[in-house]
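Listed below, chain by chain, are the residues.
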Amino acid sequence: PNTPTAPIGPATGVVNMGYQFSTVTTDPQNDPIYYLFDWGDGTNSSWVGPFASGTPGTATHTWTATGVYGVKVKAKDPSGHESSWSQTSTIVISGPSLTLTAKGTKGTLAVTVQNKGTETLTNLPWTIQATGGILNRININDNGTIAALAAGDTTTITSSRMFGLGSLTIKVNVAGVPLNKQGFILGPFIKL
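Residues numbered from 1 in each chain as written. Predicted model: local features only at pLDDT ≥ 70, side-chain atom pairs only at ≥ 80, totals over all residues. Heavy atoms only, no water.

S.K.: Help me out: how do you make sense of the pairing of strand β4 (residues 44-51) in this one?
M.R.: The side chains of a regular strand alternate, first on one face of the sheet and then on the other. As paired strands, strand β3 (residues 33-38) and β4 are joined by 4 bridges and run antiparallel to one another. The residue bridging I33 from the neighbouring strand is F51, located in β4. (Pairing = 2+ DSSP bridges. Helix = DSSP H or I, 4+ residues; strand = E, 2+ residues; numbered from the N terminus.)

Okay, structure coming up:
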């Protein structure tokens, strides 16, 4: 097959989100075409297809770390003849644009998570760790996943069962975005 076009896809993205890239080429014998996308992070798509000669082929990838990645693709026909690698397209992957705000209520720590980005984020892992107290030592490790958070929307995650006396250290992490707070607990009342 002829060398495919440089992959077409977004120029920017967010970790743990899937992004689709497409390319196209032709085969001189009009054979079906398979594509192999190299994602620039040490992984590839494996061979996808077959696609008819001249028909775009697509593959989707999720990057798990921030960085600048070069995406390239090559083609092969059913006989195993491979093209050269295409020109490289670049995608810049950043962390999610989240704002975290914590407040204490009676026996519960509530963390508001706001998506300040421009796209819906999915499968956002979160953890809340709370330690401290003099009496009734507090050692809470809660975790979960926010299934989806649309651009501009907010959601609240909570950690309850808090009762004690003394200083508190709160560590929250949502999809790699941290929030660390110091506070005080008196019975079920939490002040941050």
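Now, onward.
S.K.: Looking at this structure, I do not really get the sheet that holds β3. What am I missing?
M.R.: Strands in a sheet are paired, the pairing made by backbone hydrogen bonds, and the direction either parallel or antiparallel. The 5 strands are arranged β1-β7-β6-β3-β4 in an open sheet whose pairing can be described as mixed. Of all the strands in the sheet, just β1 (12-14) and β4 have a single pairing partner and so form its edges. On average, each strand axis in the sheet is tilted by 30° relative to the strand beside it, whichever way the strands run. (Axes fitted to C-alpha atoms, helices over the stretch in contact; angles between N-to-C directions.)

S.K.: So what exactly am I meant to see when it comes to the environment of I146 here?
M.R.: Turning to its location among the elements, I146 is positioned in strand β11 (residues 138-149). On a C-alpha basis, the gap between I146 and F51 in space is 36 Å, while along the polypeptide they are 95 residues apart. Not counting residues within four places of it along the chain, the set of residues in contact with I146 comprises V113, T122, N123, L124, W126, T155, I157 and V174. (Contact = heavy atoms within 4.5 Å.)

S.K.: Help me out: how do you make sense of the packing of aromatic side chains in this one?
M.R.: What characterises a pair of aromatic rings is the spacing of the ring centres plus the angle enclosed by the ring planes. Counted under the stated rule, the structure contains 6 aromatic pairs. Measuring from centroid to centroid gives 5.8 Å for Y35 and F51, while their planes differ by 45°, and the two rings are tilted. With Y35 in strand β3 and F51 in strand β4, this pair connects stretches of sequence that are 16 residues apart. Relative to W39, the ring of F37 lies with its centre 5.4 Å away and its plane at 10°, an arrangement referred to as stacked. Here W39 falls in the buried class, since its relative accessible area comes to 1%. Put simply, the rings of F21, F37, W39, W63 and Y69 pair up and form one aromatic cluster. K72 extends its terminal NZ or CZ atom over the ring of W85, reaching a point 4.8 Å from the ring centre. (Phe/Tyr/Trp six-rings, centres within 6.5 Å; stacked < 30°, edge-to-face > 60°. Buried < 20%, exposed > 50% of the residue type's maximum accessible area, 1.4 Å probe, protein only. Lys NZ or Arg CZ within 6 Å of the ring centre and 35° of its normal.)

S.K.: Hey, could you run me through the nonpolar core in this one?
M.R.: The tendency in soluble globular proteins is for nonpolar side chains to be buried as a group. Core analysis: the largest hydrophobic core is formed by 45 residues, its most contacted members being W63, V111, V113, M162 and V174. It is strand β10 (residues 121-132) that provides the largest number of residues to this core, a total of 5 residues. Ignoring sequence-local partners within four residues, the contact set of V111 consists of L100, T101, A102, I128, T155, T156, I157 and V172. (Core = buried A, V, L, I, M, F, W, Y, C linked by side-chain atoms within 4.5 Å.)

S.K.: What's the story with the side chain of N115 in this structure? I'm lost.
M.R.: Relative to the elements of secondary structure, N115 occurs in strand β9 (residues 108-115). By relative accessible area, N115 is classed as buried at 1%. At 2.9 Å, the side chain of N115 forms a polar contact with the backbone oxygen of L149. With residues near it in sequence (within four places) discarded, N115 still touches S97, L98, T120, L121, L149, A150, A151, G152 and D153. (Polar contact = N/O pair within 3.5 Å; in protein donor to acceptor, adjacent residues only side chain to side chain.)

Everything listed here is a matter of geometry and, on its own, says nothing about what the molecule does.
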